[in-house]
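Residue strings, one per chain:
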Amino acid sequence: MTRGVTGGAITAGAPLLEVRQLTVHHGQLRALDEVSLTVGAGEVYAMIGANGAGKTTLLRAISGLKAPTSGSILLDGTDVASLRAERRVAAGIVMVPEGRRLFPSLTVEENLQVGASYARPGPWNIDRVYELFSWMPQRRKQLAAQLSGGEQQSVAIGRALVANPRLLLLDELSLGLAPVIVARIYDTLPDLLASGVTVLLVEQDVSQALRVASRVHCLLEGRTTLQGEPARLTAAGLESAYFGLNTTPGAPA
Amino acid sequence: MTWVNAIIQGVLLGGLYALFACGLSLLFGVMKVINLAHGDLAILAGYLAVGVIAVTHIPAVWSFIIVVPLFAVLGYLAQRTLIQASLSRGVLTTLLVTFGLSVVIENALQQFFSANSRTLGIGSLISDSLHIGSQVTIAYLDLVIFLVAVVVLLGLQYYLSSSRQGRLIRAVADDREAAQLAGADYRHIFGIAAAIAFATVALAGIAYGMYTSFTPDSGSTALLLLFAFEAVVIGGLGSLWGTLLGGILLGVVQQLGAQVSSNDQVLAGQLLFLLILLIRPQGITTSRRMA
Amino acid sequence: MSPPGIAPDVRVTRSRRSALWPVLGAVVVIAVLAYLPYVVYAGTTSLLVNFFILLIMASLWNLLAGYAGLVSVGQQAFIGLGSYFVLIVGLHGIDPFIGLPVAALGSGVVGLVVWWLLSRLRTGYFAIATWVIASICYLVVIRFASLGGGTGEPLPGLPSISNTLLNAYTYWVALAVAVIVLVSIYVVLRGRLGLVLTAVRDDETGARSIGARVSRAQLLVFVIAAVGCGAAGGLELISQPFVQPTAAFSVQWTAEMIFATLIGGIGTIEGPILGTIVFFALQQWLSSYGTWYLIVLGAVAMTVAIWAPRGLWGLIAERLHLRLFPVGYWVWPAERGAGSGSARLRLPRLRLRRGGAASRP
């Protein structure tokens, strides 16, 4: 398994996504504390960190489901703060939420059709998703609730793809799935990247993240503790960044 | 056999109940809103029809052409303003707001139309009856209402299952946030669903006005809300066929009860409702436990 | 992000010293009210009887919806039943005042049965089901010609004393029942049942998850509400000695108790009291405008439900940091005494947490 499955190199020009000093609160709790990052076009950027670190909050803020307290989110240089979640799809940001969240009373095909309802023009459509996941066409009339976890994950990704995103947000793909299934799903990443999609993903499984990402970003209690290319990181460095050992609270990474 | 006649009358009455119920079912299925003003909205439509007829002098049967679209618009606006505001505050708030709305509508109608009972005249074409044998009499009006109910429910079922908009409505009903992530403005979709619900309520109200006379407080006194709700529960939430079946069952049981004694008509239906609540709360057609 | 710990040097009390004043105030108010029949006209006392009846119903509805999470639009079932229980007692030649406890008890028993039928239902279904029950009660009662059937029946057996005296007795009994109901509610909310209920009020799922006996608490509240509404219904008949079934079981009762509670504030004991006062004032002020009063009331209720969900009392209490019925807890730093300003931490509602840090990915 080679490291860095990215289709394209990290572009030298303006980043596709730029997050500047993002702070997000859940009531009194500060879930994200002045987090900054940039994602270039064609990258696979992985967020890692323990439970409660703020990874999903970050994705929810980028997708528009959660309004940040301060800071900015720029897509291609334009601030998306004024856009509601549904409008960000048209701008090119599509999220595959944690836990898949398919529409249980709809069939596989109907789930994809809903995903395509507000699609941008682009290379992805329902037929191409059926090519990507070869088991899907025979099962397309089945209710989404009847699928296995791994199948549901594939449909959820397909539902996001048919909207032709520029930036695809993947939240905890591996949650509740067997490693074999997870690996199979991650094997589809190159196809996504080849079609021009940039991926920002959240992953609990650090080794999986290191395998697929061009850069990783570690969060701990809402703050950045580590970021960089997988090749340049040490196991010890990762461990202390992940668990917050040997670091004084509040000290910069 | 008067029992056969009673059953047939019950089936036809069930069509009217189903027409009442489908709006309620839609609002609850999609938005989880229990609209306590549902019966009063139907009566409001009836009064609106009275007004329209008085102004335009069109025959009562055609009043729906103006009233139904008007109510659809009303429904969309009500959803985007009132219902959405209450939804964000919780179930208790929506119950209280729709209850308040019920009181406002009933008393506003009384203020502007007086407490006298009204009825929507029906043309001579449909005031006649069909006679089968010596025992069975079917009023053409009842038949027409039943057919309208079936067509509306059929059409709604088809719309929800096959059209893009219907699919979006079902998606938003399943998972509002996931629908947002797919690009759907759920408030607008809710509005569409509310518009459809209000349109069916208007139809039901006009049908009711032709079927019998009504007063400003008929929404509560005629137990229209209760019957609509009972039809939904008996038939099972989540299926419009279930709603039709529930309405028919309710109508039949009521008419059979009326055969026993005229006072027992409503009571028979209530008891059926209680029975279903006890032994099969998800309704006849649904397999999941809903209640 | 460590959880906030309770500092070791802290005192927790049920009430401030100054909570004595509301109690004294309440005693004074009750004494004044008790003295009223000697100084005012019978018309006023009749009005006040209606006030007490509404106060009882509103306070109970608040307990149901505001604390136990049970939205009932069918309390008129017990009100009507209460009236008819008293009627039955009167028809047997017994003093109807003695029928009051019968009405209360009888309604309580019916409440138990109704709860058994409806307890598994979720909020919306539960609400309409209560209305159906009320409808069933009405339909069953009108079958009995001995009770007046569909047209109604006058109440016999009232003591043959002067009207003024009867009026006064009715007034005092109504006052007594209202006081009993309010004190009972206060006692309930101050005790362990109250703790469970406050937890349910704040977060029902959370309350269940920590093992609070939610169903048991809800059962008790539902029966208490049935008992109280039965008493209110009995009072209603005694004060207006003719029972008319459609009026006795009318959904209008629910409308009034909901509005009074809503306007005053759901979820506090003081709310329904204030709400009933405001409601009555509105009723008197707008009565000459006919149905406008109900239109205004409905519109006000809708507005309050959306924009001021804590009601009038909620708005006042927040401004003045007032609490007349001490059911909460006060936390004091140990070194300083009561009355010192900024060091006071106020926890009027216990938030039952599952211990440990708040966690969010």
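Residues numbered from 1 in each chain as written. Chains lettered and ligands numbered in written order. Predicted model: local features only at pLDDT ≥ 70, side-chain atom pairs only at ≥ 80, totals over all residues.

## Digging into the overall build of chain B
Here is step 1 of the chain: Summing up its helical and strand segments, chain B has 13 helices and two strands in all.
Here is step 2 of the chain: Dimensions of chain B, computed from the C-alpha atoms along their principal axes, are close to 60 × 50 × 35 Å.
Here is step 3 of the chain: Taking all 291 residues of chain B together, 56% fall into the buried category.
Here is step 4 of the chain: Within chain B, contacts between residues at least 6 apart in sequence are counted, and of these 74% link residues at least 24 apart. (Helix = DSSP H or I, 4+ residues; strand = E, 2+ residues; numbered from the N terminus. Buried ≥ 20, exposed ≤ 12 C-beta atoms within 10 Å, placed from the backbone. Contact = placed C-beta atoms within 7 Å.)

## Here we look at the overall build of chain A
Here is step 1 of the chain: Along its length, chain A carries 10 helices and 10 strands.
Here is step 2 of the chain: In terms of C-alpha radius of gyration, chain A reaches 18 Å, essentially the compact-globule figure of 18 Å for 253 residues.
Here is step 3 of the chain: With 253 residues in all, chain A has 45% of them scored as buried.
Here is step 4 of the chain: Look at the contacts in chain A between residues 6 or more apart in sequence, and 73% of them connect residues 24 or more apart. (Rg over C-alpha atoms; globule rule 2.2 N^0.38 Å.)

## Considering the packing of helix H6 (residues 163-190) of chain C against helix H7 (residues 192-202) of chain C
All names here are of chain C.
Here is step 1 of the chain: Between H6 and H7, the least distance of the axes is 4 Å, while the angle of their chain directions is 80°. One finds that H6 runs roughly perpendicular with respect to H7. Residues Val188, Leu189 and Arg190 of H6 form the contact with H7, whose own contacting residues are Leu193, Gly194 and Leu197.
Here is step 2 of the chain: Broken down by class, the residue content of the contact of H6 with H7 amounts to four nonpolar, one polar and one charged. (Axes fitted to C-alpha atoms, helices over the stretch in contact; angles between N-to-C directions. Parallel < 35°, antiparallel > 145°, perpendicular 65-115°, else oblique. Nonpolar A, V, L, I, M, F, W, Y, C, P; charged D, E, K, R; others polar.)

## Examining the interface of chain B and chain C
Here is step 1 of the chain: Taken together, the 33 residues of chain B in the interface contact 34 residues of chain C.
Here is step 2 of the chain: The element that contributes the greatest number of residues to the side of chain B that touches chain C is helix H4 (residues 91-113) of chain B, accounting for 15 residues.
Here is step 3 of the chain: For the side of chain B that touches chain C, a count of residues per class yields 23 nonpolar, nine polar and one charged.

## Observations regarding the pairing of strand S4 (residues 70-75) of chain A
All names here are of chain A.
Here is step 1 of the chain: By the bridge criterion, five bridges tie strand S1 (residues 17-26) to S4 in an arrangement that is antiparallel. Within S4, the position partnered with Glu18 by the bridge is Leu74.
Here is step 2 of the chain: When S4 meets strand S5 (residues 78-79), the two strands line up antiparallel, connected through two bridges. When the sheet's bridge partners are listed, Leu75 is paired in S5 with Thr78. (Pairing = 2+ DSSP bridges.)

## Overview of helix H12 (residues 240-260) of chain B
Here is step 1 of the chain: In this model H12(B) runs 31 Å from its N-terminal to its C-terminal C-alpha over 21 residues, within 8% of the 30 Å that 1.5 Å per residue would give.
Here is step 2 of the chain: Most of H12(B) is tucked away, with 16 of its 21 residues classed as buried. (Expected span 1.5 Å × (residues − 1).)

## Things to note about the sheet that holds S4(A)
Here is step 1 of the chain: Spatial ordering of the open sheet is given by S2-S1-S4-S5 (chain A), a layout of four strands whose pairing is antiparallel. Each edge of the open sheet carries a strand with a single partner, namely strand S2 (29-39) and S5 of chain A.

## Quick notes on the sheet that holds strand S3 (residues 44-49) of chain A
All names here are of chain A.
Here is step 1 of the chain: With respect to topology, six strands assemble into an open sheet ordered S6-S7-S8-S3-S9-S10, the strand pairing being mixed. Each edge of the sheet is formed by a strand with only one pairing partner; in this case those strands are strand S6 (93-96) and strand S10 (223-228). Taken pair by pair, the neighbouring strands of this sheet meet at an average axis angle of 20°, ignoring direction.
Here is step 2 of the chain: Examined bridge by bridge, S6 and strand S7 (residues 167-171) share four bridges and lie parallel to one another. Counterpart to Met95 in the pairing with S7 is Leu169.
Here is step 3 of the chain: Against the sheet, helix H1 (residues 55-63) contacts S3, S6, S7, strand S8 (198-202) and strand S9 (215-220), and its axis sits at roughly 145° relative to S7.
Here is step 4 of the chain: Against the sheet, helix H10 (residues 235-243) engages S3, S9 and S10, with an angle of about 160° to S10.

## Details of helix H9 (residues 186-211) of chain B
Here is step 1 of the chain: Over its 26 residues, H9(B) runs 37 Å from end to end, which matches the ideal 38 Å to within 8%, given 1.5 Å per residue.
Here is step 2 of the chain: Most of H9(B) sits inside the fold, with 21 of its 26 residues counted as buried.

## A look at unusual backbone geometry
All names here are of chain A.
Here is step 1 of the chain: Its identity is not glycine, yet Gln21 carries a phi of approximately 50°, on the positive side.
Here is step 2 of the chain: Along the chain, Gln21 falls in strand S1.
Here is step 3 of the chain: Of note in this structure, Glu34 is not a glycine but carries a positive phi near 50°.
Here is step 4 of the chain: Inspection of the secondary structure puts Glu34 in strand S2.
Here is step 5 of the chain: The exposure class assigned to Glu34 is partly exposed, which follows from the 14 C-beta atoms found within 10 Å.

## Things to note about the packing of helix H4 (residues 96-118) of chain C against helix H9 (residues 214-239) of chain C
Describing two packed helices takes the angle between their axes plus the distance from one axis to the other.
Residue and element names in this part refer to chain C.
Here is step 1 of the chain: Contact geometry of H4 with H9 gives a least axis separation of 7 Å together with a crossing angle of 145°. Considering the relative orientation of H4 and H9, their crossing is right-handed.
Here is step 2 of the chain: Residues belonging to the contact of H4 with H9 are distributed by class as follows: 16 nonpolar, eight polar and no charged. (Left-handed = near helix turned anticlockwise from the far one by under 90°.)

## As for the nonpolar core
Here is step 1 of the chain: Core analysis: the largest hydrophobic core is formed by 282 residues, its most contacted members being A:Leu169, A:Val199, B:Ala45, B:Val172, B:Ala228, C:Met57 and C:Val221.
Here is step 2 of the chain: Of all the elements, H9(B) adds the most residues to this core, at 17 residues.
Here is step 3 of the chain: Beyond its immediate chain neighbours, meaning those up to four positions away, A:Leu169 contacts A:Leu59, A:Ile62, A:Ser63, A:Ile93, A:Val94, A:Met95, A:Val96 and A:Leu200. (Core = buried A, V, L, I, M, F, W, Y, C linked by C-beta atoms within 7 Å.)

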